[in-house]
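Descriptive structure summary
Each chain is listed here by its residues.
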Amino acid sequence: MKIAVANGDGIGPEIMEAVIHVFNSAKVPLEYQFVDMGKWVFDKGFSNGMTPEAKATIEDLGILFKGPMETPKGKGVKSVNVTARKTWNTYANDRHFQTLNGVDTVFSKAGINIDLTIVRENIEDTYGGVEHMLTQDVALGRRFITRPGSEQVIRYAFEMAKKKGAKRITCGHKANIMKLTDGLFLEVFKEVAKEYPELNSDDIIVDDLCMKLVSRPETFDVIVLTNLQGDIVSDLCAGLVGGLGFAPSANIGDHISIFEAVHGTAPDIAGKNIANPTSLLLSGLSMLRHLGLMEQAVIIENALLYTLESGVHTGDFGDKTIPSVNTTQFSQAIIDNFGKLPKTNPRPHLNNFDFVPTNSKITVNPMLEGSHKEERKIVGADIFIESNLQPNAIAKIAIKHETENLKLNIISNRGTQVWPTGSVYTNLVNQFRLRFESKEDNTVTQKDVINLYSSLSNDFQISSIETLNMWAGKKGYSLAQGQ
Ligand code: NAI
């Protein structure tokens, strides 16, 4: 089996060499094709941080094992890590956090065993990076949560939870506030949960989740979250088990999957052969399991756990009264411990529980579609305008542009209603939303909305517009605070 390997920048080449040495010593049946990605590729003028050959190789082989990579600052280029995850639709970020004996944390000292997996949606949410300045004072970022995108990651989480015999699968969300976006993610979670009655599924508001993760982490097993919340919660969990150096990361897609260390390139210690390769090794172990190489994965993981338990450590962690070892010595210690089992929590031989990728070659972009196909009905429009006037003055002008079908219903500022009712204590910024709605939910046409836009543009600077839609009698838009 051949996989693509990108060493990365900074400490990347050192830790990659250490991990591949461990793999080769365990006779892992993999061949490695090294590809060009990272800072020096940006520097050569490839704006996405990878050469066309690297892209073709990864798409051909389907697996990328990568070290950390630096994104050049101030050049307007996007992170190659994020580009890779998004380009190849690795929709599920799977990160397993476990107590590692020898890596002291408040929980390990208290005898609390942590063994949980965060599955984070990896493509959507505010990570689409679709942002605009509506006025010089007001920035707007769009948050995309889609039904099929949510279903992909949630289904992955349920499949993984089922195959590993999880005791619980939890959806973290903020649907009490973001009723449409997080509400959709939660709705899909509940729909998919019905197909897995054997699993104990529940949901929790993300702030409560954070509190419970730091007070009772042992009660959780698999947690699935949207992108930004998952990003934050997964680093919180890394902190529970000793930091980013002990947190593997797998980015799973249907065709291509990426396995990487989540820490950065550590430029301060690069080239010194003192970096800790554990995070990359743990990510490599999830890659071996993903590829069905269970036998080698369990031997290496138990040797790593034994090594940590025996007090061998690199300079960044461990008992400071025991001298630290360098990267080469650390990986050699793991190799010397092949066949040994740690006293606590030895890993069992697991059956292949990873998602089975389709691995098929494709020639057109897959179109994801949800199952809901009701007819759209336009019932109004939100017109966002720039103005320094008071709400009553804006209303007075805006009402002149009402049509037979479209009436001004509310004006809001930063989501809070300020007209027809409101409070003078609500601070205003120079951007208002005028919500025009049809009487008795009559159907409005796109032309009606364009005509309204055109008419309002005689009196206002318009920065943005959203049509208000309904499907099957359900509003496809949120109400203003106070509406
Ligand atoms: P960093 O993770 O590189 O370093 C933070 C601190 O942790 C440093 O003191 C470093 O020496 C230490 N450290 C990190 N990994 C270590 C390891 N394996 N062994 C021992 N010590 C380790 O984060 P920083 O400094 O914020 O970022 C440096 C560069 O890395 C930036 O250019 C950033 O863009 C890039 N980066 C890349 C990531 C990726 O490729 N996935 C993720 C995060 C940052």
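Just so we're clear, the structure is a prediction, and the values are computed from it rather than from any experiment.

**Things to note about the overall build of the protein**
Along the backbone of the protein there are 14 helices and 18 strands. Its C-alpha atoms give the protein principal-axis dimensions of roughly 80 × 50 × 45 Å. Counting over 483 residues, the protein shows a buried share of 49%. Expressed as a percentage of contacts within the protein between residues at least 6 apart in sequence, the contacts between residues at least 24 apart total 77%. Accessible surface for the protein amounts to roughly 22,600 Å². Of this, 52% is attributable to carbon and sulfur atoms. Seen as two clouds, the 49 positive and the 56 negative side-chain charges of the protein have centres 2 Å apart.

**Details of the side chain of asparagine 413**
Relative to the elements of secondary structure, asparagine 413 occurs in strand β14 (residues 406-413). Excluding its chain neighbours within four sequence positions, the residues that come into contact with asparagine 413 are Val418, Asn427, Leu428, Val429, Gln431 and Phe432.

**Things to note about empty space enclosed by the protein**
Applying the stated criterion across every chain yields a total of 1 cavity of 30 Å³ or more. Every residue along the wall of the largest cavity is listed here: Val82, Arg85, Lys86, Arg120, Asn122 and Tyr127. Element by element, the count of residues in the lining of the largest cavity is highest for helix α4 (residues 80-87), at 3 residues. For the lining of the largest cavity, the class distribution of residues is 2 nonpolar, 1 polar and 3 charged.

**With respect to the site of the ligand**
Near the ligand you find 20 residues, and of these Met69, Gly264, Ala266, Asp268 and Asn276 are the closest. Methionine 69 has a polar backbone atom sitting 2.7 Å from an oxygen atom of the ligand. Within the backbone of threonine 265, one N or O atom sits 3.0 Å away from an oxygen atom of the ligand. Isolated, the ligand exposes 820 Å² of accessible area, and the fraction of that covered by the protein chains is 64%. Within the shell around the ligand, the residues separate by chemical class into 9 nonpolar, 6 polar and 5 charged.

**Here we look at the sheet that holds strand β16 (residues 431-438)**
In space, the 6 strands of this open sheet follow the order β15-β14-β16-β13-β17-β18, with antiparallel pairing throughout. Each end of this open sheet is capped by a strand with a single partner; those strands are β15 (416-419) and β18 (474-475). By the bridge criterion, 7 bridges tie strand β13 (residues 376-386) to β16 in an arrangement that is antiparallel. Note on β16: the bridge partner recorded for isoleucine 383 is leucine 434. Running over the sheet, helix α14 (residues 446-456) touches β13, β14, β16 and β17 (461-471) and is turned about 15° from β13.

**Description of the pattern of salt bridges**
The tally for this structure, following the rule as stated, stands at 24 salt bridges. Of the charged contacts in the structure, one is a salt bridge between arginine 168 and aspartate 202, with a shortest N-O distance of 2.8 Å. Here the residue arginine 168 occupies a position in the loop between α6 (147-163) and β8 (169-173), and aspartate 202 occupies one in strand β9 (residues 201-205), the gap between them amounting to 34 residues. On the basis of relative accessible area, arginine 168 is assigned to the buried category, the value being 16%. Aspartate 207 is the partner of lysine 174 in a salt bridge, and the nearest nitrogen-oxygen pair spans 3.2 Å. Taken together, the residues lysine 174 in the loop between β8 and α7 (181-193) and aspartate 207 in helix α8 (residues 206-215) connect sequence positions 33 residues apart. Each of the salt bridges in this network shares a partner with another, and the network as a whole consists of Lys66, Arg85 and Glu260.

**What about the pairing of strand β4 (residues 92-98)?**
A large share of β4 lies buried, amounting to 6 of its 7 residues. For β4 and strand β5 (residues 115-121), the ladder comprises 7 bridges, and the chain directions are antiparallel. Residue phenylalanine 97 lies in a different strand from β5, and its bridge partner there is leucine 116.

**What about the environment of lysine 377?**
Within the secondary structure, lysine 377 sits in strand β13. Using a relative accessible area of 29% as the deciding quantity, one classes lysine 377 as partly exposed. For the pair formed by lysine 377 and leucine 468, sequence separation is 91 residues and the distance between their alpha carbons is 8.4 Å. Other than its neighbours up to four places away in sequence, lysine 377 contacts Asp441, Asn442, Thr443, Leu468, Asn469 and Met470.

**Remarks on the side chain of threonine 170**
Within the secondary structure layout, threonine 170 lies in strand β8. A distance of 2.9 Å separates the side chain of threonine 170 from the side chain of aspartate 202, its partner in a polar contact. With near-sequence residues (within four places) excluded, threonine 170 lies in contact with Phe189, Asp202, Asp203, Ile204, Phe220, Val222, Ile223 and Val224.

**Here's the deal with α6**
In this model, α6 (17 residues) spans 24 Å end to end at C-alpha, consistent with the 24 Å of a helix rising 1.5 Å per residue. Across the 17 residues that make up α6, a large majority, 13, are buried. With a side-chain oxygen lying 2.9 Å from the backbone nitrogen of glycine 149, the N-terminal cap of α6 falls on threonine 146. Following α6 by one or two positions, glycine 165 has its phi on the positive side, about 65°.

**Re the domain arrangement of the protein**
What the domain assignment reports for the protein is domain 1 (1-90 + 266-274 + 287-354), domain 2 (92-252) and domain 3 (376-475). Each of domain 1 and domain 2 was reduced to a C-alpha centroid, and the two centroids are 23 Å apart. On the side of domain 2, 20 residues touch domain 1, which itself brings 16 residues to the contact. Carbon and sulfur atoms make up 51% of the surface buried where domain 1 meets domain 2, a total of about 1,700 Å² over both sides.

**Thoughts on the nonpolar core**
In terms of nonpolar packing, the biggest core is built from 68 residues, with Phe23 and Phe65 touching the most fellow members. Of the domains in this structure, domain 1 (1-90 + 266-274 + 287-354) and domain 2 (92-252) are the two that each give at least three residues to this core. Leaving out residues up to four positions away in the same chain, phenylalanine 23 has contacts with Val28, Tyr32, Phe65, Leu281, Gly284, Leu285, Met287, Leu288 and Ile300. Judged by nonpolar contacts, the second largest core, of 21 residues, contains Ala395, Leu406, Leu434 and Phe460.

**Here we look at the sheet that holds strand β1 (residues 2-6)**
With mixed pairing, the 10 strands of this open sheet are ordered in space as β2-β1-β3-β12-β11-β4-β5-β10-β8-β9. The two strands at the open ends of the sheet, each matched to only one other strand, are β2 (31-34) and β9. Strand after strand, the sheet turns through a mean of 25° between neighbouring axes, direction not considered. Relative to strand β10 (residues 222-225), β5 runs parallel, the two being bridged by 4 bridges. Bridging across to β10, threonine 117 finds its partner in valine 222. Packed on one face of the sheet, α7 meets β8, β9 and β10 and runs near 165° to β8. Sitting on the sheet, helix α10 (residues 278-290) is in contact with β1, β3 (63-66), β4, β11 (248-252) and β12 (257-261), with an inclination near 160° to β12.

Quick notes on the rules
Residues numbered from 1 in each chain as written. Predicted model: local features only at pLDDT ≥ 70, side-chain atom pairs only at ≥ 80, totals over all residues. Heavy atoms only, no water. Helix = DSSP H or I, 4+ residues; strand = E, 2+ residues; numbered from the N terminus. Buried < 20%, exposed > 50% of the residue type's maximum accessible area, 1.4 Å probe, protein only. Contact = heavy atoms within 4.5 Å. Areas by Shrake-Rupley, 256 points an atom, 1.4 Å probe, with all protein chains shown as cover. Lys, Arg positive; Asp, Glu negative; His and termini not counted. Charge placed at Lys NZ, Arg CZ, Asp CG, Glu CD. 1 Å grid on protein atoms, 1.4 Å probe; cavity = no way out; pocket = protein on both sides within 12 Å on 5 of 7 lines; lining within 4 Å. Points joined across faces, edges and corners; volume = space filled by probe spheres on them. Nonpolar A, V, L, I, M, F, W, Y, C, P; charged D, E, K, R; others polar. Near = heavy atom within 4 Å. Polar contact = N/O pair within 3.5 Å; in protein donor to acceptor, adjacent residues only side chain to side chain. Pairing = 2+ DSSP bridges. Axes fitted to C-alpha atoms, helices over the stretch in contact; angles between N-to-C directions. Salt bridge = Lys/Arg side-chain N within 4 Å of Asp/Glu carboxyl O. Expected span 1.5 Å × (residues − 1). Domains from an automatic or database assignment. Buried area = accessible area lost by both parts, 1.4 Å probe. Core = buried A, V, L, I, M, F, W, Y, C linked by side-chain atoms within 4.5 Å.

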